[in-house]
Amino acid sequence: MAGVNVQRQLAAVVAVVLMATAAEGFISRKTWSAIRRADRDGPFVGLVVPNAYEMDPVLNSPAFKPSSNIPILDVQGRRFRFGTIGGQNVVMVMTGLSMLNAGLTTQLLLSLFRVKGIVHWGIAGNANEDLQIGDVTIPEQWAHLSLWNWQRNGDGAENELPLEAAGDYTREFGFLNFSDYTVGKGNPELSANTLNSIWYQPEEIFPISGTPEERQHAFWVPVNKRYYKLAGKLEGLELPACVNATTCLPRAPKVTRVPRGCSANIYTDNASYRQFIRSHFGCTPVEMESAAVALVAYQHGVPFITIRSLSDLAGGGSSISNEAATFLDIAAKNAVEVMLKFVPLLGRGEHADI
């Protein structure tokens, strides 16, 4: 009996230690204290931005007022900046390039702070030839286009994919067949292609409203309906058309809501692929982070929206200079300008985002 009691006491001690470890993790007590202090100013609108050149115009804008409580807090390699925009309490964080960085940073943001909604912005390539460089797009849905099932050579559209029957993969969202883009099809020796096809796949998701370890799937992730409606108020906003005295766009850029945006861990600078994803998926902005932010926010039930300014026609073919570097500055500033006008529209309070 004494042995059983000792075991129980030991188990209790281990449980307490594990609870303390789980509560503190790899974040120090000092940092946790600062997190709690900063969070007193919440709930916040979370501002998520990919790169420094898309964040610096915010820091230099009089519209952003740093917090007098804790203006900056560094946690696990990410810097969180606190302040207000138009009276709205905000916490801003830079993710860095790619889906991984964007998803990881958004998860950290939502895990550490009381965030009532997320606004994400930046530049993007353009797949919609009806729009021009400098235009600011606000998509209603986002998809991740670099999760594939690469089909075995010799199989076709009628062949089941590996693990499709188990629900791991699907043919629902279509495929890209590499041989459709082979040059010299008239010559069998030149047109031989063993790459076959890639099939686009939805993400496995585990929403907090669901059951842990019971997967669901998402391909097109919708932005918050209220946010999208509010964004319509900015469609008449005047934006600058000139980079400098000698380099200007053919017309002043506009703000426009569009049906779909697409993300992938791919820098798309290929006209054929641009035309494919435009015709197959209806993408307008194409970039490397927004779908990751969308997928994390969606699983947490947190409202979000993305604002992306077009810096180039992906793959070329524009009548104006197509180098992204030429118009990067004006594209970044236009995205920031729209974000700074959008955030105050959200209203204040715990449930102003609903």
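Residues numbered from 1 in each chain as written. Predicted model: local features only at pLDDT ≥ 70, side-chain atom pairs only at ≥ 80, totals over all residues. Heavy atoms only, no water.

## Focus: the packing of helix α4 (residues 99-112) against helix α8 (residues 290-300)
Where α4 contacts α8, the axes come no closer than 7 Å and their chain directions differ by 30°. Taken together, α4 and α8 sit at an angle that is classed as roughly parallel. The element α4 and its partner α8 pack so that their crossing is right-handed. Contact residues: α4 offers Met-99, Ala-102, Gly-103, Thr-106, Gln-107 and Leu-110, while α8 offers Ala-291, Ala-292, Val-293, Val-296, Ala-297 and His-300. The class makeup of the residues in the contact of α4 with α8 is eight nonpolar, four polar and no charged. (Axes fitted to C-alpha atoms, helices over the stretch in contact; angles between N-to-C directions. Helix = DSSP H or I, 4+ residues; strand = E, 2+ residues; numbered from the N terminus. Parallel < 35°, antiparallel > 145°, perpendicular 65-115°, else oblique. Left-handed = near helix turned anticlockwise from the far one by under 90°. Contact = heavy atoms within 4.5 Å. Nonpolar A, V, L, I, M, F, W, Y, C, P; charged D, E, K, R; others polar.)

## Thoughts on the environment of Ile-35
By the secondary structure assignment, Ile-35 is in helix α2 (residues 29-39). The class for Ile-35 is buried, based on a relative accessible area of 2%. As for Ile-35 and Val-75, which are separated by 40 residues in sequence, their C-alpha atoms are 8.9 Å apart. The residues touching Ile-35, leaving out its near neighbours within four places in the chain, are Ile-27, Leu-73, Val-75, Leu-112 and Phe-113. (Buried < 20%, exposed > 50% of the residue type's maximum accessible area, 1.4 Å probe, protein only.)

## Focus on unusual backbone geometry
With an omega dihedral of 5°, the bond running from Gly-42 to Pro-43 counts as a cis peptide bond. Within the secondary structure layout, Pro-43 lies in the loop between α2 and β1 (44-49). Although it is not a glycine, Gln-76 sits at a positive phi angle of roughly 50°. For Gln-76, the position within the fold is in the loop between β3 (72-75) and β4 (78-85). Of note, the phi angle at Glu-213 is positive, near 75°, even though the residue is not glycine.

## Here's the deal with the state of the cysteines
Overall, the coordinates contain two disulfides when judged by the stated rule. Disulfide pairing places Cys-242 opposite Cys-248 at an S-S distance of 1.9 Å. A torsion of 105° about the S-S bond marks the disulfide between Cys-242 and Cys-248 as right-handed. Overall, the relative accessible area of 40% leaves Cys-242 in the partly exposed class. Put simply, Cys-262 and Cys-283 are joined by a disulfide, and their sulfur atoms are 2.0 Å apart. Its torsion about the S-S bond being -80°, the disulfide of Cys-262 and Cys-283 is classed as left-handed. Of this pair, Cys-262 sits in strand β14 (residues 255-263) while Cys-283 sits in strand β15 (residues 283-287), and the two are 21 residues apart along the sequence. With respect to burial, Cys-262 and Cys-283 carry one shared label: buried. Each bonded cysteine in the protein gets a number by its place in the sequence, and the pairs come out as 1-2, 3-4. (Disulfide = S-S within 2.5 Å.)

## Thoughts on the pairing of β14
The sheet contact formed by strand β7 (residues 136-144) and β14 spans eight bridges and is parallel. When the sheet's bridge partners are listed, Thr-137 is paired in β14 with Thr-256. The pairing of β14 with β15 spans three bridges and is classified as parallel. Its bridge partner being in β15, Cys-262 is matched across the sheet by Val-286. (Pairing = 2+ DSSP bridges.)

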